[in-house]
Amino acid sequence: MGASMADAVPPPASDAPLLRLLDIRKTYRGSSAAALDGVSIEVRPGEIFGIIGRSGAGKSSLIRCVNLLERPDTGQVLLAGQDLGRLGRDALAAARRGIGMVFQHFNLLASRTVAGNIALPLEIAGIPASTRRERVKELLRLVGLEDRADAYPAHLSGGQKQRVGIARALATNPTLLLSDEATSALDPETTAEILALIRELRDRLRLTVLLITHEMEVVKTICDRVAVLEKGRVIEQGRVFDVFTRPQSDTARQFAAQMTGEMLPKGTVARLPEPRPGEMRRILRILFTSDASTRAVISEASRRFGLDLNIISGRIDAIGLEPFGVLVVAAFGDPVHVAQAIDRMRGLDLEVDDIAAATAGSEVA
Amino acid sequence: MSTLLNPTMQILLLQSAGETAWMVGVAALVAIAVGLPLALLLLVTSPGHIAANALINRPVAAIVNAVRSVPFIILMVAVVPFTRLIAGTSIGTAAATVPLALAATAFIARLFETALRDVDHGLIEAAQAMGASRGQIIRKVLVPEAAPGLVAAITVTLISLVGYSAMAGAIGGGGLGDLGIRFGYQRFMPEVMAAVVVLLILVVQGLQSLGDALVRRLSHRQ
Ligand SMILES: Nc1ncnc2c1ncn2[C@@H]1O[C@H](COP(=O)(O)OP(=O)(O)O)[C@@H](O)[C@H]1O
Ligand SMILES: [Mg+2]
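The structure displayed is predicted, hence computed values, not measured ones.

Q: Describe the environment of A:Glu189, naming the residues involved and giving the relevant values.
A: Assignment of secondary structure puts A:Glu189 in helix α6 (residues 188–205). Considered as a pair, A:Glu189 and A:Gly159 are 30 residues apart in the sequence and their alpha carbons are 9.4 Å apart.

Q: Please provide a residue-by-residue account of the packing of helix α2 (residues 7–44) of chain B against helix α9 (residues 176–186) of chain B, values included.
A: Residue and element names in this part refer to chain B. Interhelical geometry of α2 versus α9 gives an angle of 140° and a closest axis separation of 7 Å. Comparing their axes, α9 and α2 come out oblique. Seen from α2, the contacting residues are Met9, Leu12, Leu13, Ser16, Ala17 and Thr20; seen from α9, they are Leu176, Leu179 and Phe183. Each residue belonging to the contact of α2 with α9 can be placed in one class, and the counts come to 7 nonpolar, 2 polar and no charged.

Q: So, the pairing of strand β10 (residues 233–239) of chain A: which residues are in play, and what are the values?
A: Residue and element names in this part refer to chain A. Inspection of the sheet shows strand β9 (residues 225–230) paired to β10 by 6 bridges, in the antiparallel sense. Within β10, the position partnered with Arg225 by the bridge is Arg239. Hairpin geometry of β9 and β10 is characterised by an intervening segment of 2 residues between the two adjacent antiparallel strands and by a positive phi of about 45° at Lys231.

Q: Explain helix α2 (residues 89–97) of chain A to me, and be specific about the residues and the numbers.
A: Those residues of α2(A) that sit buried are A:Leu92, A:Ala93, A:Ala95 and A:Arg96. End-on view of α2(A): buried residues confined to an arc of 160°, all on one side of the axis.

Q: Go over the packing of helix α8 (residues 134–165) of chain B against helix α10 (residues 190–218) of chain B with me, naming the residues and quoting the values.
A: Residue and element names in this part refer to chain B. Between α8 and α10, the least distance of the axes is 8 Å, while the angle of their chain directions is 175°. By the angle between their directions, the pair α8 and α10 is classed as roughly antiparallel. On the side of α8, the interface is formed by Ala147, Pro148, Val151, Ala152, Thr155, Leu158, Ile159 and Val162, while α10 contributes Leu200, Val203, Val204, Leu207, Gln208, Gly211, Leu214, Val215 and Leu218. When its residues are assigned to classes, the contact of α8 with α10 shows 14 nonpolar, 3 polar and no charged.

Q: Requested: an account of helix α4 (residues 129–142) of chain A, with residues and values cited.
A: All names here are of chain A. With 14 residues, α4 extends 20 Å between its outermost C-alpha atoms, agreeing within 8% with the 20 Å of an ideal straight helix rising 1.5 Å per residue. Inspection of α4 places Arg135, Val136, Leu139, Leu140 and Leu142 among the buried residues, and these make up the whole buried set. Down the axis of α4, the smallest arc covering the buried residues is 150°, so these residues share one side. Exposed residues lying more than 90 degrees from the buried face of α4 are Arg133 and Arg141. Here the buried face of α4 lies against α3 (114–124), α5 (158–170) and α6.

Q: Quick one: what's the story with the sheet that holds strand β4 (residues 74–79) of chain A, residue by residue and with numbers?
A: Pairing between sheet strands relies on hydrogen bonds along the backbone, with the strands arranged either parallel or antiparallel. Residue and element names in this part refer to chain A. Pairing within the open sheet is antiparallel, and its 4 strands lie in the order β2-β1-β4-β5. In this open sheet, the two edge strands, each paired with only one partner strand, are β2 (36–43) and β5 (82–83). Pairing between β4 and β5: 2 bridges, direction antiparallel. Residue pairing in the sheet places Leu78 in a bridge with Asp83 of β5.

Q: Which residues make up the site of ligand 1, and what values do they have?
A: All names here are of chain A. Near ligand 1 the following residues occur: Tyr28, Ala35, Arg54, Ser55, Gly56, Ala57, Gly58, Lys59, Ser60 and Ser61. Within the side chain of Ser61, a nitrogen or oxygen atom sits 2.5 Å from an oxygen atom of ligand 1. In terms of residue class, the shell around ligand 1 is made up of 3 nonpolar, 5 polar and 2 charged.

Q: Could you give an account of the domain arrangement of chain A, with specific residues and numbers?
A: Residue and element names in this part refer to chain A. Here chain A is partitioned into domain 1 (5–259) and domain 2 (262–362). Each of domain 1 and domain 2 has a C-alpha centre, and these two points are 39 Å apart. With 12 residues of domain 1 at the contact, the number on the domain 2 side is 14 residues. Summed over both partners, the interface of domain 1 with domain 2 comes to about 1,300 Å²; 56% of that surface belongs to carbon and sulfur atoms. Area buried by domain 1 at its contact with domain 2 is led by Lys220, Phe241 and Arg246, which between them contribute 44% of it. Across the salt bridge formed by Arg239 and Glu322, the nearest N and O atoms sit 2.4 Å from each other.

Here is what the cut-offs are and how they apply
- Residues numbered from 1 in each chain as written.
- Chains lettered and ligands numbered in written order.
- Predicted model: local features only at pLDDT ≥ 70, side-chain atom pairs only at ≥ 80, totals over all residues.
- Heavy atoms only, no water.
- Helix = DSSP H or I, 4+ residues; strand = E, 2+ residues; numbered from the N terminus.
- Axes fitted to C-alpha atoms, helices over the stretch in contact; angles between N-to-C directions.
- Parallel < 35°, antiparallel > 145°, perpendicular 65-115°, else oblique.
- Contact = heavy atoms within 4.5 Å.
- Nonpolar A, V, L, I, M, F, W, Y, C, P; charged D, E, K, R; others polar.
- Pairing = 2+ DSSP bridges.
- Buried < 20%, exposed > 50% of the residue type's maximum accessible area, 1.4 Å probe, protein only.
- Arc of directions from axis to C-beta.
- Expected span 1.5 Å × (residues − 1).
- Near = heavy atom within 4 Å.
- Polar contact = N/O pair within 3.5 Å; in protein donor to acceptor, adjacent residues only side chain to side chain.
- Domains from an automatic or database assignment.
- Buried area = accessible area lost by both parts, 1.4 Å probe.
- Salt bridge = Lys/Arg side-chain N within 4 Å of Asp/Glu carboxyl O.

In structure tokens:
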């Protein structure tokens, strides 16, 4: 953990937002429910902003509204202060050249080679052939595909295809990169590679990234800030660390659980002793986000409230570069004292969840 | 066999083959030249596409379907005034080419449209996200990506045209099919019929192989 602090990225500049979505609403024809129900977000220059949500939450609809592939019914899309909705056809085309986009299924032309695919946005922008060739070479180098320039997409791996997708998206030097589930079709290792590449490009090119995903891993790995989307509404947003260490909504809590896990090895609960008469047994998940010493909290609880505390499992992880720890303990003791101990820990700024209910039927392996 | 060794008969066979080639070739060229823009028009004006427009799409689609639903032998007769306008006459090889081109255009337009529709919509969106105009989407995405399918459509059309051209005899168009009917059937010369059939089989096989080879070359999918 300590070592990774060294290559910490300078905190994103908090200047005026590069992208502002203001009260975006969209209802598809023939549909009764709104796909987007008043979404407002601000993306600052140089940050990686994630939008996470379950399938059908409206993530794709939202990101497609940014470059107006989808026209919102109402609401504004402001890029560097410019209202994209008011632009005429040519001006919109020009504005779109300043916004790169990568897709879950890559969307590469099968009829063009890697180099040909990367050249496409340059051709569309009317850049002369000689300049194009130079720029394509540069972009191939940027994504590490110099040796695959003449290959057709059909002969590339998923990760290579997405590298081509990224190079193509960056061809016209956009300030904003949109990513619609760019890693959802990739295996975990390739996902990590692509995410690392996106972060590296953000740092190197001072790029701003807006990405949507249904995977907690993506948000946890590269996003600075996140918005949780549910039924077309942003239900929570803020720094990734804050949102997922102190989730306010069930959805955010469930995404957070994907990351922290329940951490109850199979059979653990069955092996625990039964509470003595007059006592109770609760299984608690304690989330440490500050430097509060784990042992101090546990031993204090046991001393002050006369509880027996069995540590079931423990783990340290990080969101971005910020570490956090999760401890699962079984607490035995007088019900009043157990409740007091929980209050005390919460008072020390710890997240404490009673997961006993979850353990009755469904133990997580 | 003796009949086929007869120089007159040989010349007649060659001449008929030439007429077939002419009718099929000219009709196919017209069909491709008119059919591709027509197919693109049908596609991009269809609902949800890049230039959706029911006012254009519905009547054009109706005309194409109407031409396609008229049996060729009837179409030939029905368009005689139009044929006279274009070819200056209503009988002969040139005159037969007009209804052939008309039928082939409607036929290939639908095949082209299907091939173009097969292009993944994601590619169109990617191009739109790059700021491509509709013309650029057509030229740089739709047509190149559909190229294998377009070539396959051309192959099918050529082969169908060879078959249709046999009916051209009805208005004095000549060609191999006509030769087969006149000599092989009406004058009881089975060798001529056999020669015509063998020739047609070879032509069709050749077209199909050529088309398939070209499709393979254009296709970079695997
Ligand atoms: N083109 C469309 N036409 C009609 N309904 C759509 C269309 N695209 C998305 N929807 C609907 O809008 C809702 C949000 O979809 P989407 O934005 O794709 O969500 P997500 O990307 O989060 O899975 C869903 O209920 C979906 O069925
Ligand atoms: Mg989606």
